[in-house]
Amino acid sequence: MIRLLVDVAARHLLARRRQSIVSLLGVVLGVSFFLSISAMMRGSEQDIIHRLVDNAPHITIEDDYRNPTLQPVSQLFPDAAVQLRHVVPQTETRGIRGYAQILDFLRRTPGLRASAVLSGQALASFAGKDRAIGLYGIVASEYAQVSTIRRYMVRGSLDELEANPNGIVIGDELARRMSLSMGDNLRIASTTGQVRTFKIIGLFHTGRSDFDAGQAFVALKRVQSMLDRPNRINTIVIKLADPNAARTEAARIEQRVRYKTVSWQERSEDLMSALAIRSVIMYAVVGAVLVVAAFGIYNVISTVVLEKQRDIAILRAMGFQARDIEGMFLAQGALIGAVGNVFGIGLGCGLMAGLMRIHFRVPGSTDVNYLAIDWSLFQFVLAGGVAMLAAMIAAYLPARRAAKVEPVDVLRGGT
Amino acid sequence: MAEAIRLEHVTRRLEGEVPVTLVSDASLRIDGGECVAITGPSGSGKSSLLYLMGLLDLPSEGRVWLGGADTAGYGEVERSEARLRTIGFVFQSHFLLPEFSACENVMLPMRRLGAYDDATIRERARVLLGGLGLEDQRDKGPRQLSGGQSQRVAIARALANDPMLVLADEPTGNLDSVASRNVQRTVLALAHEQGRAVAVVTHDPDFAAQADRRVRIVDGRIQP
Ligand SMILES: Nc1ncnc2c1ncn2[C@@H]1O[C@H](COP(=O)(O)OP(=O)(O)OP(=O)(O)O)[C@@H](O)[C@H]1O
Ligand SMILES: [Mg+2]
């Protein structure tokens, strides 16, 4: 049955070859644009998120509270309207207190890796040049578990920080700008005024120039003593086995440790919503291409329905049901959609392969970047499915009209 | 022979600004093996009567019995089904589907019925076309056939599902006298040799004379 309807549909289309090809081209272009643009957008989105999730902590615990600590009187009367004037908060040593216990608590969660960091600003001086840098005090073996920095080491290694407390690992961009190389001694002045000399034992290159030019890793103990904060840290960096669980996990941790705990989603909320808006715009644009293609299909099938009134009447007289006639014209839409998909996906793959070869430099990056293309099956299913849906909707209206053709009306006019 | 079709006081009106009565109070019965010629002036309602017999159109009043069954309760699907299995239509201007060859046109109703496999369908189409002297025209497209050949292909297509009732609307209207004779003989044989009930609309008095009965319509009424 279906074969018969498809057969009739195919012959109707083949009889109108030029028109069918034009509408087919519409679908081919629509599918290939949809596919390549969608794959590019999704690819870059995934790339951005990937970098975000991969190269940054999933969760950070900061030495800060989300809400200011309540005064005792407010804690006593939570529902009362309390106003206190001229309150000067107690000066406290910044940092996360009792971080060893917190780390113990955190590490009880399976799949969770955590590392304590003490970071601060410092001034690096070498050969008369000064640069402000961010100093990262880490325990190298722990930190390597929560960071991808090891992957970006170009010289030396991070682990040597454990053996060599006077060692420092810096970015290659900083090294280039300050004419430093491996083994050189770098003077670092902390905000507390202490000055120490560190020996460069490793260089990294992440491709993000701000990071490569402004970040330095040193042993945690050294930073603690330089910043006069023994046994203190100010950040706990966390990686999860499942990055998507970060939001709920962060809430759970904050509940327990009270310190402000930020998931990567929260940190990148602006970016995420920008990405979502970008997706909406992109799908609207490529959707418009498919709408145009759908008009082409609507056009050719409407023409066939008009031209084939007599044939419809004859088929009905032969014993075809109204539903069969409808199916016949829906099959035309499906045929154009399916054939258009085959060529459209072929062309789309070509476009995607072409896009992958385009390279460019983005500001803030020192490396050549390629467009990230999402080659996942989902993209193909999405493009094919949307095109097929558009084709079927475009075919549906004329098909309904064909099904409503009263054979006697046509025969009376014709005979 | 068994009753194939029976109309009981059938009236068909078109409602509208100017109501038109196409057929009024028609009663008619055709049995298997019988060929009835329907004659009358142009516009008298002959085709309209045929569409009512073929369940393509619905009566405004009266009843249509097909093979002894009342069709009043039939829906669109049942009427299509009845046309497919028990009725064969032949029209004046043969109406072959232009995208299909002669043989494929004959195969269409059988494919829709789905009672036979592809090979059987093709073989049956060949036999039908062969029986009408068209074995050499099988694979030609409708545009490559002469009027008489096309009409015989249309007859073969009407016979594809072995219908009990054949309805032919001026099947010889567009043919020269030789081709016309040929088709006439074929149509008569459907009743007399194959035992089908045949209703044939014709303006040709010779053709009408060969039928078993003649029904004359004027202004939508069957003349006594
Ligand atoms: N849609 C319509 N609206 C109004 N009148 C119609 C319509 N269709 C047909 N008629 C009228 O109905 C009458 C019967 O038409 P029908 O086709 O049955 O006649 P006929 O006997 O087959 O004529 P012919 O010999 O020319 O084929 C005609 O007078 C025609 O003008
Ligand atoms: Mg007529």
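Rules and cut-offs
- Counting starts from 1 at the beginning of each chain's written sequence and moves along it residue by residue.
- All chains are assigned letters beginning at A, and all ligands numbers beginning at 1, according to the order in which they are written.
- In keeping with the model being predicted, local features are shown solely for residues with a pLDDT of at least 70 and side-chain atom pairs are shown and tallied solely at 80 or more, while totals for entire chains, interfaces and linings include all residues.
- Note: side-chain values were computed over all heavy atoms of the structure, leaving out hydrogens and water.
- Only DSSP runs of H or I reaching four residues or more are called helices, and only runs of E reaching two or more are called strands; each is numbered from the N terminus.
- Our radius of gyration looks at C-alpha atoms and nothing else; its globule reference is 2.2 Å times the residue count to the power 0.38.
- Only protein chains enter the area calculation, which uses a 1.4 Å probe; residues under 20% of their type maximum are buried, those over 50% are exposed, and those in between are partly exposed.
- Two residues qualify as a contact provided that any one of their heavy atoms is within 4.5 Å of a heavy atom in the partner residue.
- Per-residue and other accessible areas were derived by the Shrake-Rupley procedure at a 1.4 Å probe size, with only the shown protein chains allowed to occlude residues.
- By the counting rule applied here, Lys and Arg register as positive and Asp and Glu as negative, while His and the ends of each chain are not counted.
- Just so you know, the charge point we use is NZ for Lys, CZ for Arg, CG for Asp and CD for Glu.
- At least two DSSP bridges between two strands are required for those strands to pair.
- Where helices are involved, their axes are fitted lines through C-alpha atoms of the stretch in contact, as for all axes, and angles between N-to-C directions lie from 0 to 180°.
- The start and end points of each domain follow an automatic or database-based domain assignment.
- Accessible-area loss on putting two parts together, using a 1.4 Å probe and summing over both, is the definition of buried area adopted here.
- Salt bridge criterion: a side-chain nitrogen from Lys or Arg within 4 Å of a carboxyl oxygen from Asp or Glu.
- Pairing of N or O atoms within 3.5 Å defines a polar contact, subject to two protein rules: one partner must be a possible hydrogen donor and the other a possible acceptor, and residues neighboring in sequence count only if both atoms are side-chain atoms.
- Consider each residue's heavy atoms; a residue with any of them within 4 Å of a molecule or strand counts as near.
- Residues are grouped as follows: Ala, Val, Leu, Ile, Met, Phe, Trp, Tyr, Cys and Pro are nonpolar; Asp, Glu, Lys and Arg are charged; all remaining types, including Gly, are polar.
- UniProt positions are given in the numbering used here, feature names are shortened, and annotations may be inferred rather than shown by experiment.

Moving on, we come to the overall build of chain B. Looking only at helices and strands, one finds 7 helices and 10 strands in chain B. By the compact-globule yardstick of 17 Å for 224 residues, chain B fits well, its C-alpha radius of gyration being 17 Å. Taking the principal axes of the C-alpha coordinates as reference, chain B spans close to 45 × 40 × 40 Å. Split into buried and exposed, the 224 residues of chain B put 56% on the buried side. Here the contacts in chain B between residues at least 6 apart in sequence split such that 72% fall between residues at least 24 apart. Of the roughly 9,400 Å² of accessible surface on chain B, a fraction of 46% belongs to carbon and sulfur atoms. Across chain B, the centroid of the 26 positively charged side chains sits 2 Å from that of the 30 negatively charged ones.

This brings us to the sheet that holds strand β10 (residues 221-222) of chain B. Residue and element names in this part refer to chain B. Reading across the sheet, the 6 strands line up as β6-β7-β8-β3-β9-β10 and stay open at both edges, with mixed pairing between neighbours. Each end of this open sheet is capped by a strand with a single partner; those strands are β6 (87-90) and β10. Where β6 lies against strand β7 (residues 165-169), 4 bridges are found, and the strand directions are parallel. Following the sheet pairing, I87 is matched in β7 by L165. The strands touched by helix α2 (residues 76-86) are β6 and β7; relative to β6, the strand with the most contacts, the crossing angle is about 80 degrees.

What the domain assignment lists for chain A is domain 1 (2-53 + 271-411) and domain 2 (94-231). The C-alpha-based centres of domain 1 of chain A and domain 2 of chain A are spaced at 54 Å.

On the side of chain B, 30 residues touch chain A, which itself brings 26 residues to the contact. Of the roughly 2,700 Å² buried between chain A and chain B, counting both surfaces, carbon and sulfur atoms make up 58%. For B:E104, the salt bridge identified is with A:R11, shortest N-O distance 2.9 Å. Counting every contact that joins chain A to chain B gives 10 residue pairs in polar contact (both at pLDDT 80 or more). When contributions to the side of chain A that touches chain B are tallied by element, the ones reaching two or more residues are α1 (2-15), α13 (309-318), α14 (322-357) and α16 (407-414) of chain A.

Take helix α1 (residues 46-53) of chain B next. Residues and elements named next belong to chain B. Burial analysis of α1 places 7 of its 8 residues in the buried class, the great majority of the element. Of all the positions in α1, only K46, S48, L49, L50, Y51, L52 and M53 are classed as buried. Remark: L55 follows α1 within two positions and exhibits a positive phi of approximately 60 degrees.

The next subject is the environment of A:E406. Residues and elements named next belong to chain A. With respect to the secondary-structure elements, E406 resides in the loop between α15 (377-404) and α16. Residue E406 is classed as partly exposed on the basis of its relative accessible area, which comes to 43%. Sequence-wise, E406 and L35 are 371 residues apart; in three dimensions their C-alpha atoms are separated by 42 Å.

Another point: the site of ligand 1. Near ligand 1, the surroundings consist of 14 residues, among which B:L22, B:S42, B:K46, B:S47 and B:S48 are the closest. The environment of ligand 1 is shared, with nearby residues belonging to chains A and B. For ligand 1, an oxygen atom lies 3.2 Å from a polar atom in the backbone of B:S44. B:H203 is positioned such that a nitrogen or oxygen atom in its side chain is 3.5 Å from an oxygen atom of ligand 1. Sort the elements by how many residues they give to the shell around ligand 1 and α1(B) lands first, with 3 residues. Considered class by class, the residues forming the shell around ligand 1 number 4 nonpolar, 7 polar and 3 charged.

The next point concerns the UniProt feature "transmembrane region" (unreviewed entry) in chain A. In the numbering used here, UniProt assigns the feature "transmembrane region" (unreviewed entry) to residues 21-41, 280-306, 327-355 and 375-397 of chain A. With 100% helix and 0% strand, residues 280-306 of chain A has end C-alpha atoms that lie 38 Å from one another.

For the rest of this paragraph, the subject is the pattern of salt bridges. Residues and elements named next belong to chain A. Tallied over the entire structure, the rule returns 29 salt bridges over all chains. The salt bridge partner of E269 is R247, with a shortest N-O separation of 3.4 Å. Placement of the pair is E269 in helix α12 (residues 269-307) and R247 in helix α10 (residues 246-257), with a sequence separation of 22 residues. Judged by its relative accessible area of 44%, R247 falls in the partly exposed class.

As a further point, take the environment of A:I312. All names here are of chain A. Relative to the elements of secondary structure, I312 occurs in helix α13. A sequence separation of 90 residues divides I312 from A402, and the C-alpha atoms of the two residues are 7.5 Å apart. Once residues within four sequence positions are removed from consideration, I312 is found in contact with V305, I325, F329, A402 and V405.

A separate point is the pairing of strand β9 (residues 213-218) of chain B. Residues and elements named next belong to chain B. The pairing of strand β3 (residues 35-39) with β9 spans 4 bridges and is classified as parallel. Paired with T39 across the two strands is R216, which belongs to β9. In this structure, the hairpin formed by β9 and β10 is closed by a connection of 2 residues, where D219 is found at a positive phi of approximately 50 degrees.

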